[in-house]
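Below are the chains, spelled out letter by letter.
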Amino acid sequence: MNSRSILKALTTTEQILNKAFPTSWNPLYSLGALCFYMFWIVTVSGLYLFIFFQTSIDGAWQSMEYITEDQWYAGGIARSLHRYASDALVVFVTLHMIRELILKRFQGARTFSWVSGVPLLWLMFAAGIGGYWLVWDERAQYIAITTAEFFDWINISTEPLAFGFAHPETLSDRFFSLLIFLHIGVPLALLLGMFIHIMRVSDSKSNPAKGLAIGIGLALLALSIIWPAESLDQADLSRSITRLGFDWFYLNFYPLINRWGAGPVWLMLLAFTATLVLLPFVFEGDKEAVAEVDPDFCNGCGWCYADCPYDAIIMKDHDYKKGMRQAVVLGDQCVSCGICAGACPSATPFKTINLFHSGINLPDRKIRTLLDDTREKLFDLTGKEKIVIFGCDHGTRLDAFADDSTITISLPCIAQLPPSYIDFLVKREHIADVLLTGCAEDNCFHRTGNDLMEQRVNNLRNPHIKTAAVRQKTTMLWSGLSGEKEVAAKLAELRSEHRARESNQEDRVELSEESS
Amino acid sequence: MAKKISIKMILGQMLFYLGLMIFIGYFAEVPEFEYLPDTHGELKLIIRHSGKLIGECTRPDPEAQQKLPRNMRVPMICPRERSPVTVRLSLDDRLVLDKSVLPAGLHNDGISAEYRNFRVEAGKVRITLVVNDSQGDQNSTYTYEREITINPSESVALEFNNGFTLYQGKNSADTNATSS
């Protein structure tokens, strides 16, 4: 299975979900936000449990029994929500990681977010596994002993930690005070890590759409009522654990510690962690030249600064124009999406051609070249009603749609297209229709390209299409990677409209000839 | 662009949430994990003992002492390094552990600590634990020998900490140290 077919499988799954969910609710488009949401559910339910929890050997188990049995309607549900939301967090984090990997969103400007996400995995597991200890049932006993044996392998203390769980007399109540401290401290560190993780992402989405949040919340609540989380028998260090119900989300590698010993499992986990950390540096990808500012043509409007989805542009005083501002590109954070070039008001083809320069541009894919390519392709068209399809490198492949009346142009991101180009093509080149495609709705590879383009076309954002007439001739179709059928259908629709228009015109000509 | 939610979509969403509930609910508890067969118990060995100091204490040279400031003069100079503790454990005459446990600390002056967990078939088992804390000096050998009955899924702990202690059951601590 090559990377293209894996990508296809992912987009097919996303499209299936798009049939059931509005795109803004699609769980696969909101995995990061769902992780935050699960974290908050765990936090709120955990705070409630903390009120009744007792930090002693007998008190821990007994208080959990009280919460689960005597107070099933509140504490019991809170406990179940606490567990299931923690489990869901592992599911969403895993899917989030796999999805970003498939979409190659771990390189370049995204390296920081990817690498800063790796320690969060350790913190998440530490927080989750630590929670199981607090219940002090047989599962906790198994986890305590195995974890102690696991850490003893790296000799972190003078005496093995496992001494503490060897027989009933070695355990003290103070241990539970330490545990609760860790169970609050580690999630706090996780929260700080989550904040750092999204620090470089402008307008990061840390809340899922309301409809999705309600749906997932109700599903977890229903699960908590139908199948409440319960403790096993109280831990007894004079007894061995034989078999037990197992949380495979958090404890999946524990059986390996028992089977292989701690050493190989440490090696495996560290190798996995190192692989994740090194991934962006090993597979750097073909990095295109980053955007460049031409101070001669930068008027300091700040539109590129406002639109950059990676916070890769800052504003400073102009190099030599007094009282004016100027954009500056932060090369490390620029992913060469070209959205800034599409936002630049200087990038208008209506200027005298010799003065046609953009204030900000991608050196390898200049706005000027885009216009030249478009006009060159248009020159070869023989059809009457011409259609121009603009797409993006991460969306539907457009080559197959080119014919004698249609040209296709692919951009790094659809929002690289300055709206003035659409005005120009319709007014000067007499294009019948402009079709804008790209990534699937709410799933833009460059995060905000589709939204920005939509706002620019609909006159909600600068720069925008100038006239309603041009706007009418502009169609947007966020078809995504596997959207060939949708594009074909839309193209057929546009052509049938052309044919209808032509036949109306012919009818009118005939009528006028008859009347004359 | 807001999309109108149809009945079909609602059903689709319910199917998704149901799948999520089943997936999370199931793997949060099932399948069961077997850590130890029902027919077995565990014997945990704890060694927590400081080996004898290596070398003798010596009296310092009085002349050299006189040259030192008062606060730095000592009556005896003793070595810090301790001997490793050798541990040999046999279960029913089968040697299951033979290890020299090094003292902790950068100067090998700390405690020798070792923890081991053995799975044993339930029933009678003869335990023989021989500990030496002075580089094989036979006068510093401690021996524990006893036949005990380990019940299915019972955890028994045998500790050597300046003497042997067997922990079996919740409250029974049996001390039995033999030095030979």
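Conventions adopted
- Residues numbered from 1 in each chain as written.
- Chains lettered and ligands numbered in written order.
- Predicted model: local features only at pLDDT ≥ 70, side-chain atom pairs only at ≥ 80, totals over all residues.
- Heavy atoms only, no water.
- Contact = heavy atoms within 4.5 Å.
- Salt bridge = Lys/Arg side-chain N within 4 Å of Asp/Glu carboxyl O.
- Polar contact = N/O pair within 3.5 Å; in protein donor to acceptor, adjacent residues only side chain to side chain.
- Helix = DSSP H or I, 4+ residues; strand = E, 2+ residues; numbered from the N terminus.
- Nonpolar A, V, L, I, M, F, W, Y, C, P; charged D, E, K, R; others polar.
- Domains from an automatic or database assignment.
- Buried area = accessible area lost by both parts, 1.4 Å probe.
- Phe/Tyr/Trp six-rings, centres within 6.5 Å; stacked < 30°, edge-to-face > 60°.
- Buried < 20%, exposed > 50% of the residue type's maximum accessible area, 1.4 Å probe, protein only.
- Lys NZ or Arg CZ within 6 Å of the ring centre and 35° of its normal.
- Axes fitted to C-alpha atoms, helices over the stretch in contact; angles between N-to-C directions.
- Parallel < 35°, antiparallel > 145°, perpendicular 65-115°, else oblique.
- Left-handed = near helix turned anticlockwise from the far one by under 90°.
- Disulfide = S-S within 2.5 Å.
- Patch = residues over 30% accessible without salt bridge, like charges linked within 9 Å, V, L, I, M, F, W, Y side chains within 5 Å.
- Areas by Shrake-Rupley, 256 points an atom, 1.4 Å probe, with all protein chains shown as cover.
- Lys, Arg positive; Asp, Glu negative; His and termini not counted.
- Charge placed at Lys NZ, Arg CZ, Asp CG, Glu CD.

Draft legend 1. Representation of the interface of chain B and chain A in the model. Taken together, the contact between chain B and chain A spans 49 residues of the former and 57 residues of the latter. Linking chain B with chain A are five salt bridges. When the shortest N-O distance is used, the salt bridge between Glu159 of chain A and Arg48 of chain B registers 3.2 Å. Linking chain B to chain A there are 17 residue pairs in polar contact (both at pLDDT 80 or more). Only α1 (7-27), β1 (33-34), β2 (40-49), β5 (112-121) and β8 (155-160) of chain B provide two or more residues apiece to the side of chain B that touches chain A. Considering every element that reaches the side of chain B that touches chain A, the biggest residue donor is α1 of chain B, with twelve residues. Looking at the side of chain B that touches chain A residue by residue, the class counts come to 28 nonpolar, nine polar and twelve charged.

Draft legend 2. Structural view of the domain arrangement of chain A. All names here are of chain A. For chain A, the domain assignment lists domain 1 (3-13 + 23-282) and domain 2 (292-511). Summarising the inter-unit geometry, the C-alpha centres of domain 1 and domain 2 are found 45 Å apart. Taken together, the contacts link 17 residues of domain 1 with 20 residues of domain 2. Each partner contributes to the roughly 1,600 Å² buried at the junction of domain 1 and domain 2, and carbon and sulfur atoms together form 43% of this total. Viewed at the interface, domain 2 and domain 1 are joined by zero salt bridges. Linking domain 1 with domain 2 are seven residue pairs in polar contact (both at pLDDT 80 or more), by the criterion used here. Element by element, the count of residues in the side of domain 1 that touches domain 2 is highest for helix α1 (residues 3-20), at four residues. Across the side of domain 1 that touches domain 2, the residue classes break down as five nonpolar, five polar and seven charged.

Draft legend 3. Broad picture of the packing of aromatic side chains. All told, the structure shown has 36 aromatic pairs over all chains when counted by the stated rule. Plain terms: the ring middles of Tyr142 of chain A and Tyr254 of chain A are 6.3 Å apart, the flat faces sit at 55° to each other, and that makes the pair tilted. With a gap of 112 residues between them, Tyr142 of chain A in helix α6 (residues 138-152) and Tyr254 of chain A in helix α10 (residues 254-260) connect regions that are remote in the sequence. Relative accessible area serves as the criterion here: at 2%, Tyr254 of chain A is assigned to the buried category. With a centroid separation of 5.0 Å and 90° between ring planes, the pair formed by Tyr26 of chain B and Phe27 of chain B is classed as edge-to-face. Taking relative accessible area as the criterion, Tyr26 of chain B reaches 36% and is therefore assigned partly exposed. In this structure, Arg200 of chain A is placed above the aromatic ring of Phe112 of chain A, and the distance from its NZ or CZ to the ring centre is 4.9 Å. The cationic tip of Arg119 of chain B hangs over the ring face of Tyr35 of chain B; the distance from NZ or CZ to the ring centre is 4.8 Å.

Draft legend 4. Molecular detail of the packing of helix α2 (residues 31-52) of chain A against helix α8 (residues 210-226) of chain A. All names here are of chain A. The contact between α2 and α8 brings their axes to 11 Å, and the two run at 45°. By the angle class used here, α2 and α8 are oblique. Note that α2 runs across α8; the crossing there is right-handed. Contacts between α2 and α8 involve Leu34, Tyr37, Met38 and Ile41 from the former and Leu212, Ala213, Ile216, Gly217 and Leu220 from the latter. Residue classes in the contact of α2 with α8 are distributed as eight nonpolar, one polar and no charged.

Draft legend 5. Highlighting the state of the cysteines. For the structure shown, the criterion picks out one disulfide over all chains. There is a disulfide in this structure between Cys57 of chain B and Cys78 of chain B, and the S-S distance comes to 2.0 Å. In this structure the cystine formed by Cys57 of chain B and Cys78 of chain B twists about its S-S bond by roughly 115°; its chirality is therefore right-handed. Taken together, the residues Cys57 of chain B in the loop between β2 and α2 (62-67) and Cys78 of chain B in the loop between α2 and β3 (85-91) connect sequence positions 21 residues apart. For Cys57 of chain B, a relative accessible area of 36% puts it in the partly exposed group. Free of any disulfide, Cys304 of chain A has its nearest neighbouring cysteine sulfur in Cys301 of chain A, separated by 6.0 Å. What makes Cys304 of chain A buried here is its relative accessible area of 8%.

Draft legend 6. View of a negative patch on the surface. A cluster of like negative charges, contributed by Asp92, Asp93, Glu145 and Glu147 of chain B, occupies part of the molecular surface. Topologically, Glu145 of chain B is positioned in strand β7 (residues 141-150).

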